[in-house]
Structures are given as structure tokens and as C-alpha cells.
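Inside the fold
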Amino acid sequence: MDATEVDQERPDRSRAAAGARGDGARRLGLPTEKVNILLVDDEPANLAALEAILGELGETLVTAGSGREALRRLLKQDFAVILMDVRMPEMDGFETALLIRERQRSTYTPIIFLTAAHRDETHVARGYSLGGVDYLLKPFEPEILRSKVAVFVELARKTELVRRQSELLRSMEKRQHEREMADTRAAFLADLKQKNRELERGQRVLEEKIGELARANEDLEQFAYVASHDLQEPLRMVSSFVQLLARRLEGRLDEDAKEFIGYVTEGAARMHALIHGLLEYCRVGLRGAAPGPVACETVLDHVMSNLEVAREESGAVITRDPLPIVPGNAIQLTVLFQNLIGNAIKFRGEEKPRIHVGVETRDADWLFSVGDNGIGIEPRHLERIFVIFQRLHARDRYPGTGIGLAICKKIVERHGGRIWVESEPAKGTTFKFTLPTRWDAHADQRPAEAPPS
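Residues numbered from 1 in each chain as written. Predicted model: local features only at pLDDT ≥ 70, side-chain atom pairs only at ≥ 80, totals over all residues. Heavy atoms only, no water.

Below, the discussion takes up the pattern of salt bridges. For side chains of opposite charge, pairing can occur when their charged atoms come near one another. Going through the model one piece at a time under the given rule, you end up with 21 salt bridges. Between K138 and D41 there is a salt bridge whose closest N-O contact spans 3.2 Å. Of this pair, K138 sits in the loop between β5 (132–137) and α6 (142–248) while D41 is found in the loop between β1 (36–40) and α2 (44–54), placing the two residues 97 residues apart along the sequence. The same class applies to K138 and to D41, which are both buried. Note that R164 and E160 form a salt bridge whose closest N and O atoms lie 2.9 Å from each other. (Salt bridge = Lys/Arg side-chain N within 4 Å of Asp/Glu carboxyl O. Helix = DSSP H or I, 4+ residues; strand = E, 2+ residues; numbered from the N terminus. Buried < 20%, exposed > 50% of the residue type's maximum accessible area, 1.4 Å probe, protein only.)

What follows is about the confidence of the model for the chain. Residues at a pLDDT of 70 or more form 76% of the chain, whose mean pLDDT is 80. Note that pLDDT drops below 50 for residues 1–11; the model gives that stretch 25 contacts with residues more than four away or on any other chain. Within the model, pLDDT remains below 50 along residues 441–453, and this stretch shows 29 contacts once partners closer than five positions in the same chain are excluded. (pLDDT = per-residue confidence, 0-100. Contact = heavy atoms within 4.5 Å.)

Strands sit in the order β7-β9-β10-β12-β11 across an open sheet of five strands; the sheet is mixed. Both edges of this open sheet fall to β7 (317–320) and β11 (419–423), since each of them pairs with a single strand only. Recorded for the sheet is a direction-independent mean angle of 20° between the axes of neighbouring strands. In this structure, β7 lies alongside strand β9 (residues 354–362), joined through four bridges in parallel fashion. Pairing of V317 across the sheet is with R354, part of β9. (Pairing = 2+ DSSP bridges. Axes fitted to C-alpha atoms, helices over the stretch in contact; angles between N-to-C directions.)

Further remarks concern the packing of helix α3 (residues 67–76) against helix α4 (residues 93–102). Put simply, α3 and α4 touch, their axes get as near as 9 Å, and they point 20° apart. One element, α3, and the other, α4, form an angle in the roughly parallel class. Considering the relative orientation of α3 and α4, their crossing is right-handed. The residues of α4 that touch α3, namely those facing G67, A70, L71 and L74, are T96, L99 and I100. Here the residues of the contact of α3 with α4 sort into five nonpolar, two polar and no charged. (Parallel < 35°, antiparallel > 145°, perpendicular 65-115°, else oblique. Left-handed = near helix turned anticlockwise from the far one by under 90°. Nonpolar A, V, L, I, M, F, W, Y, C, P; charged D, E, K, R; others polar.)

At a minimum axis separation of 9 Å, helix α10 (residues 330–346) and helix α11 (residues 404–414) run at an interaxial angle of 140°. The angle between the axes of α10 and α11 places the two elements in the oblique class. Note that α10 runs across α11; the crossing there is left-handed. On α11, the residues touching Q332, V335, L336, N339, L340 and N343 of α10 are G404, L405, I407, C408, I411 and V412. Among the residues forming the contact of α10 with α11, the class breakdown is eight nonpolar, four polar and no charged.

Below, the discussion takes up a nonpolar patch on the surface. Residues F188, L189 and L192 make up a contiguous nonpolar surface patch of roughly 280 Å² in combined accessible area. With respect to the secondary-structure elements, F188 resides in helix α6. Residue classification places F188 among the exposed positions, given a relative accessible area of 53%. (Patch = residues over 30% accessible without salt bridge, like charges linked within 9 Å, V, L, I, M, F, W, Y side chains within 5 Å. Areas by Shrake-Rupley, 256 points an atom, 1.4 Å probe, with all protein chains shown as cover.)

In this section: the sheet that holds strand β2 (residues 60–64). With parallel pairing, five strands are arranged side by side in an open sheet as β2-β1-β3-β4-β5. Of all the strands in the sheet, the pair left with one neighbour each is β2 and β5. Across the sheet, the axes of successive neighbouring strands diverge by a mean angle of 20°, strand direction being ignored. Pairing analysis gives five bridges linking β1 to β2, with the strands arranged parallel. What sits directly across from L39, in β2, is T63. Contacts between α2 and the sheet are confined to β1, β2, β3 (81–85) and β4 (111–115), with β1 contributing the most and set at about 150° to the helix.

Below is the structure:
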């Protein structure tokens, strides 16, 4: 028989009970909406009797004439309590209860079993094992049944109240969390803006300081160039007059006087070499010819010609990789290679110098190397060999001014590269430096002629 959902007007007593139930629920702060009660029985008369008994509760009564129909009802609605007849055709109440418990939403729905046939303890125990909350034998007292169902109706309302309060609490916590996150985000953004403003101010100050430092360095280089240039004339005068004095007093000077004049002459020559080196160092920093493509093969040919005497005297064997064309200043690159190869010849050991100029591509740079089999460098000296006027050896053994490698460093940096050294004592030295494959906008961009020497 098809189930019939009872949702029509109740007798006066039912309406009064419903009103009292609503008032009581409101006083307790419980939800006042009607709850659903499922009545399952294959006998229409039994369903009608249950509706009559429970109608006074004023809730929504839903009926099902079989276990399968009860399952269909459970797919569409949730129920505060289920009243289940045990003895039904096709699927009895126990089988229906087992399937109800397998459905997640109805796992804990209270089931009250009703029966007139299964009175033995075995059936009662089975009913409770399937999650039944009560097992009533027909005939039963209407007031008792109504009271038991009313308990589960109130429990359902309290459960719904807890669920709503939990949702409200979660919603409040979520809003509070969102407000805290918004406040934190606003504070973070404000702090970030402040830090950005401070960083921008610091950047502007740094740029100003860099500009001031660049101008100061340029002024210092210009001053050093002019001073060095102007020192040459009085130095030549001192050297010339000392030599003239030596010639005029030839034969009349004792050994001490000759020694003193020798010291003056040697000192003047050494000072002339230092001034010349300082001028060369300053020229690298001053405005030079505009950068352009430089064939390193041609540059090395010029270097070989300039070092011809030193190569022949030392018996140096110099080899090279195929060298590229690079952007830069041809004169400065010639000075760079000549200083490095000249040092490799100068600081040789007992064997004939073997020098190799290598090159390889690396990212956006050319990596050059000038390696030799010379005396090498102590590790403690590697950091200071590029400092101007730094010497690692006695002047009477290896002459020089200590400016050459400082010039090399300045040339490489002016071309947007960097230079370093790898060496072991008695095992040779390799100078390595990078040059860009394209002219760096941050390299020497100031094309103009250098002041005359």
C-alpha cells in the first residue's frame, strides 16, 4: 500500500499541543520548525493508528508501507525518529534497519521497533543490536509511545540547536579570523610601504653617494694624471743636472761622491718609471677612444712584436687558442695582454717559459686565461697582487713598479669583466679574466681623447 504523508489540519487538541510545543521550544531557545517522524508498517490501519496517537505532537508524520519505501523516504528527508514494524513482507524491519544504518546520514537515527509477533528475547536482542533504541510490543499504551517519541523529538531539536550553534561559532570564528587576517595584511602592507619608502630614500642616497664617489674618483684620477705629468719635467731636470755635474767633475770626485751620484741617478730613473706607470694607470680611468670591435688575434700579434726581445732572451714558447673578436678598446686590451704575458716571461723559473693564452665561452662572457710554468705565487699574496704599488719580490731580482697588474684589473673592470689568479708556488700561475661578448652599458662609456702625455 502506498504511504500517505499526513500534513493536514489536526483536531483542536493537536493544534493546542502544537502551540504549546512551539511556546516551550521558544522558551528553551530550541528551533520551532516541525521535525519529521517516519512511520513504517505494511498495514494501513496500523499507520492510521500511529498517526492518530502521534498527531498530538504537532510534527510532520511521514508514512511508508514497506521497507523499500522507507529507504526511498530516507533518500529525500532526514528524520528525528523512525517507528518500524518488525514483521513485514519482502523486507522485514530488521533488514530495513540494517540498510538504514549503512547510510551515513541515518547511521545514528533512533529506531523504535514495534511488533505483535516477535516477543522472544532473541528478537528483542537482535533489534537492539541493529541500533534500535526501544522495542515495544503491541498493543502498547498510546501515552507511553507518545512520550517516548516526544523525547527523541526534543533530542532532535537540541541536536539541531547544537549544529546551528556550531555553524554560527564556526562562522564567527571565520569572520574573526578574516578580520585578523585583514588587519594583519593591512599592517603588513603598511609596514611594507614604509620599508619601500625607506628603501627608496636609501637608494636615492646611495645613488647620490655613488655619483659623488664617481666624481671624486674622476677628479682624483685627473689630479693624479696632471700631477704625474707635471712631475716628469722637474724629474728630468734633476736627472739631467746630476748627469751634467758628474761629467764636469769627472776625475775630481772621490768614490763616496760617485756612489752618491749613482744613488741619485738610480732613484731618478726609478721615480721616472713610477711616474710613467702612474700615468698609464690614470689613462685607463680617463676618457679614451670609443669602444668598438677588437680582434684579439691582431692584439696578440702586436704584443708578440712588442715582446720580441724578451721572448728571444728567455726562449719563451707562447701558444694560443683561436681568439675571438670582442667589444672594447684595442690599446687597453693590448696593454692587458702585454702585461700578463710580460709578467709570465719575467717571473720564470729554471725551465724555459711555456705560456698559453686560452679562451672559452661562458654564458654571456668570454673567459680568457694566461697560464705559465713560472715560479708561482704564495697563497697569502693572491689577494694583494692587484693593488697598486704592491711588490712581492726584491727589486734587484725582479725589476718593476708594482703597477702593471693594477692596470690590468682596471682595464678588465672598465670593459665590464673581472680578473683573478690561480697559482701554486713552483707550479706556475694562471691569470683568468672575463670580457663580455657585447659591450656592457655599465662599462667605460665615455668616449673622448686622453690628455696628451
